[in-house]
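Coordinates in review
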Amino acid sequence: MAETIAPIGHEVGAADTHLRHHFATPAQQMDAATLGMWTFLITEVLFFGGMFTAYAIYRGIYPAAFASTSEYMNVKIGATNTIVLICSSLTMAMAVRSAQLSKRASLIKYLIATMIFGTAFLVIKGFEYHAKWVEHLVPGFNFAFPEHPEFVHNAQILFFLYFCMTGMHALHMVVGLGLLSYLLIQGSRRVFHANYYAPVEMIGLYWHFVDIVWIFLFPLLYLIGHWHL
Amino acid sequence: MTSSEHVTPVHAHIPKVGTLVGVWATLVVFTVITALVATVNLGEFNVVVALIIAVTKASLVAWIFMGVRHTTSLTKLFVVAGLVWLGIMILITASDYTSRTWTYQAQPWATNPAGGKSR
């Protein structure tokens, strides 16, 4: 190979740590990246937290109307999607582990598995949204609530929150799938190894965070009030 | 520049496969439990039990899968600070909505501009 001109503080080769000149060691660079990623995730906590707060407030103001919506939530689909996401979190954690051990083949394998689980979640979600449309439960478009006409206005608030929260969550999943494809391309190019796997770790943090959001959405939207049925 | 033979490695803690699979199994079990408990009438406690299980699951994901247990103290402080801020948002918003109508109840001589009895 001819001479390679590398940027300052940037090594080239199988042990390339991508160390930037303002960091002393790869370990310090990794700590900084982790702190930065968590700072971003905290803004995400507060972003979703705003919607959870709105949900809690309106549930407190209109408890009967919110309880009346339970029978329209498909617990089986919600639980299935919860399990699917938990499986995707396991495969993501295994992908990070593979990168830490420089196991390229298993990194690729686990990244693909994570993407399959993520896609499965979105497909199931799509069927659920379609069912909501067919049942006239989309506020602002075709909402009808003949079983409980007294709640026709207040129940729409719940379904509005349902579509906002699950919709933003699904959008985060789509972004996550895009990030995973990036990891897949870089991983197949042998970019990641024991001394450089920060992107795998950071996108892993993002993916687990999206899982945590769903861990709260599932009981709050599907389960509370379920015993009425 | 250091040559590749003298690279300072990233001192990462590599989790055991058994630990990760154990967390996964625990999360699945908790999901089944929370779905089953939801079919029983516990009154107000349905919400409480559902949230306790959700917080436990989320903590497991953060602590093991996201590796908070092996991060620096500064990162742990940031994580806790984020949760404190979330608490501030929920607490102050809830106290606002709860106490908005109290003013006129506490001062019976005052007139509620909204008219009628406050909720």
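Refer to the structure presented above.
The following refers to the structure shown. (Residues numbered from 1 in each chain as written. Chains lettered and ligands numbered in written order. Predicted model: local features only at pLDDT ≥ 70, side-chain atom pairs only at ≥ 80, totals over all residues. Heavy atoms only, no water.)

Once that is clear, we can look at the layout of surface pockets. Taken as a whole, the largest pocket encloses approximately 1,000 Å³ of empty space. In this structure, the largest pocket is lined by 34 residues; those nearest its centre are Phe 216 of chain A together with Val 55, Leu 83, Leu 86 and Ile 90 of chain B. Secondary-structure elements contributing two or more residues to the lining of the largest pocket are helix 1 (26-61) and helix 6 (198-223) of chain A together with helix 2 (45-65) and helix 3 (73-99) of chain B. Ranked by residue count, the leading element in the lining of the largest pocket is helix 1 of chain A, at 12 residues. (1 Å grid on protein atoms, 1.4 Å probe; cavity = no way out; pocket = protein on both sides within 12 Å on 5 of 7 lines; lining within 4 Å. Points joined across faces, edges and corners; volume = space filled by probe spheres on them. Helix = DSSP H or I, 4+ residues; strand = E, 2+ residues; numbered from the N terminus.)

To continue, consider unusual backbone geometry. All names here are of chain A. Positive phi is not limited to glycine here, since His 136 has a value of about 60°. Along the chain, His 136 falls in the loop between helix 4 (104-134) and helix 5 (154-188). A positive phi angle, close to 65°, is found at Arg 190, a residue other than glycine. Mapped onto the fold, Arg 190 is located in the loop between helix 5 and helix 6.

Now for the packing of aromatic side chains. Applying the stated rule across the entire model yields 19 aromatic pairs over all chains. Taking 6.1 Å as the distance between ring centres and 55° as the angle between the ring planes, the aromatic pair formed by Phe 48 of chain A and Phe 209 of chain A counts as tilted. Here Phe 209 of chain A lies in helix 6 and Phe 48 of chain A lies in helix 1, a separation of 161 residues in the sequence. Residue class for Phe 209 of chain A comes out buried when judged on its relative accessible area of 7%. Between Tyr 58 of chain A and Tyr 62 of chain A, the ring centres sit 6.3 Å apart and the planes meet at 5°, which makes this aromatic pair stacked. Cluster of aromatic residues (ring-pair linked, three or more members): Phe 121, Tyr 129, Tyr 162, Phe 163, Trp 214, Phe 218 and Tyr 222 of chain A. The ring of Tyr 110 of chain A has Lys 109 of chain A lying over it, and the distance from NZ or CZ to the ring centre is 5.1 Å. Of note, Arg 100 of chain B hangs over the ring of Tyr 97 of chain B, and the distance from its end group to the ring centre comes to 4.4 Å. (Phe/Tyr/Trp six-rings, centres within 6.5 Å; stacked < 30°, edge-to-face > 60°. Buried < 20%, exposed > 50% of the residue type's maximum accessible area, 1.4 Å probe, protein only. Lys NZ or Arg CZ within 6 Å of the ring centre and 35° of its normal.)

Turning to empty space enclosed by the protein, a few remarks are in order. Taken as a whole, this structure holds two cavities of 30 Å³ or more when the rule is applied. By volume, the largest cavity amounts to about 60 Å³. Forming the walls of the largest cavity are Leu 223 and Ile 224 of chain A together with Thr 34, Val 37, Ala 38, Asn 46, Val 49, Ala 50 and Ile 53 of chain B. Counting only elements with at least two residues in the lining of the largest cavity, the list comes to helix 1 (17-37) and helix 2 of chain B.

Attention shifts here to the side chain of His 169 of chain A. Residues and elements named next belong to chain A. Its location among the elements puts His 169 in helix 5. Polar side-chain contacts of His 169 include one of 2.9 Å to the backbone oxygen of Val 210. Ignoring any residue separated from it by four or fewer positions in sequence, one finds His 169 in contact with Phe 48, Leu 85, Phe 121, Val 210, Val 213, Trp 214 and Leu 217. (Polar contact = N/O pair within 3.5 Å; in protein donor to acceptor, adjacent residues only side chain to side chain. Contact = heavy atoms within 4.5 Å.)

What follows concerns the nonpolar core. Grouped together as the largest cluster of nonpolar side chains are 81 residues, with contacts concentrated most on Tyr 55, Met 92 and Leu 180 of chain A together with Met 66 of chain B. At the level of secondary structure, the elements contributing two or more residues to this core comprise helix 1, helix 2 (63-67), helix 3 (75-100), helix 4, helix 5 and helix 6 of chain A together with helix 1 and helix 2 of chain B. The element best represented in this core is helix 6 of chain A, accounting for 19 residues. Those residues in contact with Met 66 of chain B, other than ones at most four positions away along the chain, are Trp 38, Leu 41, Leu 205, His 208, Phe 209 and Ile 212 of chain A together with Val 61 of chain B. (Core = buried A, V, L, I, M, F, W, Y, C linked by side-chain atoms within 4.5 Å.)

On to the pattern of salt bridges, then. Under the definition given, this model contains two salt bridges over all chains. Linking Glu 128 of chain A and Lys 125 of chain A is a salt bridge whose minimum nitrogen-to-oxygen distance equals 2.8 Å. With Glu 128 of chain A and Lys 125 of chain A both in helix 4 and three residues apart, this pair spans about one turn of that helix. For the pair Glu 128 of chain A and Lys 125 of chain A, one class covers both residues: buried. Its salt-bridge partner being Asp 96 of chain B, residue Arg 100 of chain B comes within 2.9 Å of it at the nearest N-O pair. Residue class for Arg 100 of chain B comes out partly exposed when judged on its relative accessible area of 48%. (Salt bridge = Lys/Arg side-chain N within 4 Å of Asp/Glu carboxyl O.)

As a further point, take a nonpolar patch on the surface. On the surface, Val 80, Val 84, Trp 85, Ile 88, Leu 91 and Ile 92 of chain B cluster together to form a nonpolar patch covering roughly 620 Å² of accessible area. Summarising the element assignment, Trp 85 of chain B is placed in helix 3. (Patch = residues over 30% accessible without salt bridge, like charges linked within 9 Å, V, L, I, M, F, W, Y side chains within 5 Å. Areas by Shrake-Rupley, 256 points an atom, 1.4 Å probe, with all protein chains shown as cover.)

This paragraph deals with the environment of Arg 100 of chain B. All names here are of chain B. Among the structural elements, Arg 100 can be located in the loop between helix 3 and helix 4 (102-106). Residues Arg 100 and Trp 63, 37 residues apart in the sequence, show an inter-C-alpha distance of 39 Å. There is a polar contact of 2.9 Å between the side chain of Arg 100 and the side chain of Asp 96.

All names here are of chain A. At a closest axis distance of 10 Å, the pairing of helix 3 and helix 6 adopts a crossing angle of 165°. By the criterion of interaxial angle, the relationship of helix 3 to helix 6 is roughly antiparallel. The interaxial crossing formed by helix 3 with helix 6 has left-handed handedness. Residues belonging to the contact of helix 3 with helix 6 are distributed by class as follows: 16 nonpolar, eight polar and two charged. (Axes fitted to C-alpha atoms, helices over the stretch in contact; angles between N-to-C directions. Parallel < 35°, antiparallel > 145°, perpendicular 65-115°, else oblique. Left-handed = near helix turned anticlockwise from the far one by under 90°. Nonpolar A, V, L, I, M, F, W, Y, C, P; charged D, E, K, R; others polar.)

Here we take up the interface of chain B and chain A. At the junction of the two partners, chain B supplies 54 residues and chain A supplies 52 residues. Here chain B meets chain A over a buried area of about 4,600 Å², counting both sides, of which 81% is carbon and sulfur. Applying the counting rule to chain B against chain A returns one residue pair in polar contact (both at pLDDT 80 or more). Looking at the side of chain B that touches chain A, the elements with two or more residues in it are helix 1, helix 2 and helix 3 of chain B. Among the elements that take part in the side of chain B that touches chain A, helix 3 of chain B stands out by supplying 12 residues, more than any other. (Buried area = accessible area lost by both parts, 1.4 Å probe.)

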